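Structure at a glance
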Amino acid sequence: MGTENSSPETQARAAALAGDVGSYHVDINIDGIVKAILTVFSLFTKKIPKFRVHGGSWAENTALQNIQARVRMVTGYLFAQLINWSRGKPGSLLVLSSANVDEALVGYLTKYDCSSGDLNPIGSICKRDLKNFVKHCKEVFGYKSIEGFLTAVPTAELEPITDDHVQTDEEDIGLTYDELNDIGKLRKIERCGPHSMYTRLSYMWTMSPAELASKVKTFFQKYAMNRHKACVITPAFLCEQYCPDDNRFDLRPFLYNAKWETQFQNIDTAVLGAATNTAGQESEDQESRAKRSKLDASKL
């Protein structure tokens, strides 16, 4: 279900994979549906929203992406119910959704879009483990099309591609998928909050305290603001402890204060302490070098 923002490479990969697994493949362009809905909005408001790359605001840009995503859900259910009928076959089909753990944790999905369905086969798997599983399928089943998925840069393809802008997941999120994998496991399995997360990651990641603090805050802000999405997320096949399938496995609240004032203040204090310790260590090192120099000079 592509739009004018979908790349030919993505469409070709989907067709190739369908050929490898022996499934039906229907290439549907939903631009007409999207434009019809936007026309209704413009007739009522007398305004035409724009993408960010065309000078639009954050609200306009997000809404234009979301309408594409939500049309996919509606269209997907229509085809699931009637595609067998159109082929002269009985019954209807289930809709499989496609959002992984990392996307669900930070809300990098549109509520009631292609992440919504009857069952999500990859809903309890992080991107890192998912790629390893895909590599395994390539080796076991010999699907040549899979190589293209492994090397492709993850992107929602909901914004226009221009000479100086190509939308990517990790840039949108502000964290890499590998970073989200570590964070997701610490959040669920180790039950870490913001401050304890910062402390644990300071031993796991190699970066400055300030950069680490920024990444931890980014995650928890997005996590808090988007918890309502996780509460209605499509049921997943549970195969990992870090699954955020809240309706069934995670009983945490979904209304958070996204400022995390106490926790973030503790992180800031830790960053300041790290900077102070570093400065103090450098001062001690300088004093030690000075003493050694004097000692060496006296021996001469």
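This text gives an overview of the structure that appears in the document. Given the structure is predicted, the values throughout are model-derived calculations rather than measurements. (Residues numbered from 1 in each chain as written. Predicted model: local features only at pLDDT ≥ 70, side-chain atom pairs only at ≥ 80, totals over all residues. Heavy atoms only, no water.)

The secondary structure content of the chain amounts to 13 helices and zero strands. A buried classification covers 36% of the 300 residues belonging to the chain. Look at the contacts in the chain between residues 6 or more apart in sequence, and 65% of them connect residues 24 or more apart. Total accessible area computed for the chain in this model is approximately 17700 Å², and 58% of it derives from carbon and sulfur atoms. (Helix = DSSP H or I, 4+ residues; strand = E, 2+ residues; numbered from the N terminus. Buried < 20%, exposed > 50% of the residue type's maximum accessible area, 1.4 Å probe, protein only. Contact = heavy atoms within 4.5 Å. Areas by Shrake-Rupley, 256 points an atom, 1.4 Å probe, with all protein chains shown as cover.)

By secondary structure assignment, the location of Tyr-256 is in the loop between α12 (246-249) and α13 (261-299). Residue classification places Tyr-256 among the partly exposed positions, given a relative accessible area of 26%. Sequence separation between Tyr-256 and Met-225 is 31 residues; the distance between their C-alpha atoms is 7.3 Å. Apart from the residues within four sequence positions on either side, Tyr-256 is in contact with Tyr-223, Ala-224 and Arg-227.

Evaluation of the coordinates by the stated rule reveals five aromatic pairs. Measuring from centroid to centroid gives 5.6 Å for Phe-219 and Tyr-223, while their planes differ by 20°, and the two rings are stacked. On the criterion of helical spacing, the pair formed by Phe-219 and Tyr-223 is a turn pair, its members being four residues apart in helix α10 (residues 209-225). On the basis of relative accessibility, which here comes to 0%, the residue Phe-219 falls in the buried class. Given the relative accessible area of 3%, Tyr-223 is considered buried. (Phe/Tyr/Trp six-rings, centres within 6.5 Å; stacked < 30°, edge-to-face > 60°.)

We now examine the side chain of Ser-6. Locating Ser-6 in the fold gives a position in the segment before α1 (8-21). A relative accessible area of 14% means that Ser-6 is categorised as buried. Reaching out from Ser-6, the side chain makes a polar contact with the backbone nitrogen of Thr-3 at a distance of 3.0 Å. The residues touching Ser-6, leaving out its near neighbours within four places in the chain, are Gln-11, Arg-72 and Glu-157. (Polar contact = N/O pair within 3.5 Å; in protein donor to acceptor, adjacent residues only side chain to side chain.)

Right, let's get into the nonpolar core. Ranked by internal contacts, the top residues of the largest apolar core, which has 29 residues, are Met-197, Leu-201, Val-216, Phe-219 and Phe-220. Listing elements by their share of this core, those giving two or more residues are α4 (101-106), α8 (177-188), α9 (194-204), α10 and α13. In terms of residue count, the dominant contributor to this core is α10 (seven residues). Beyond its immediate sequence surroundings of up to four residues, Leu-201 is in contact with Asp-182, Ile-183, Leu-186, Leu-212 and Val-216. (Core = buried A, V, L, I, M, F, W, Y, C linked by side-chain atoms within 4.5 Å.)

Attention shifts here to the packing of α9 against α10. Direction vectors running N to C along α9 and α10 enclose 140°, while the axes themselves pass 10 Å from each other. Judged on the interaxial angle alone, α10 and α9 are oblique. Crossing angle aside, the handedness with which α9 passes α10 is right-handed. Between α9, through Pro-194, Met-197, Tyr-198, Leu-201 and Ser-202, and α10, the contact on the second element is made entirely by Pro-209, Leu-212, Ala-213, Val-216 and Phe-220. When grouped by side-chain class, the residues that make up the contact of α9 with α10 number nine nonpolar, one polar and no charged. (Axes fitted to C-alpha atoms, helices over the stretch in contact; angles between N-to-C directions. Parallel < 35°, antiparallel > 145°, perpendicular 65-115°, else oblique. Left-handed = near helix turned anticlockwise from the far one by under 90°. Nonpolar A, V, L, I, M, F, W, Y, C, P; charged D, E, K, R; others polar.)

Let's shift gears to the environment of Asn-120. By secondary structure assignment, the location of Asn-120 is in the loop between α4 and α5 (127-141). Accessibility expressed as a relative area gives 2% for Asn-120, which makes it buried. Sequence separation between Asn-120 and Leu-238 is 118 residues, and the spatial gap between their C-alpha atoms is 9.7 Å. Not counting residues within four places of it along the chain, the set of residues in contact with Asn-120 comprises Ser-97, Ser-98, Ala-99, Thr-234, Pro-235, Ala-236 and Phe-237. Among the polar contacts listed, one links the side chain of Asn-120 to the backbone oxygen of Ala-99, at a separation of 2.8 Å.

Taken together, the side chains of Val-26, Leu-78, Phe-79, Leu-82 and Trp-85 define a hydrophobic patch exposed on the protein surface, amounting to about 490 Å² of accessible area. The topology assignment puts Phe-79 in helix α3 (residues 58-86). (Patch = residues over 30% accessible without salt bridge, like charges linked within 9 Å, V, L, I, M, F, W, Y side chains within 5 Å. Salt bridge = Lys/Arg side-chain N within 4 Å of Asp/Glu carboxyl O.)

So, on to α8. The first and last C-alpha atoms of α8 sit 16 Å apart over twelve residues, in line with the 16 Å expected at 1.5 Å per residue. Most of α8 is tucked away: ten of the twelve residues are buried. (Expected span 1.5 Å × (residues − 1).)

A few words now on unusual backbone geometry. Residues other than glycine seldom take positive phi values, yet Arg-191 does so here, at roughly 55°. Relative to the helices and strands, Arg-191 is located in the loop between α8 and α9. With relative accessibility at 69%, the residue Arg-191 sits in the exposed group. For Trp-260, which is not a glycine, the phi torsion comes out positive at approximately 45°. Locating Trp-260 in the fold gives a position in the loop between α12 and α13. Residue Trp-260 is classed as buried on the basis of its relative accessible area of 8%.

That's the geometry; what it means functionally is another story.
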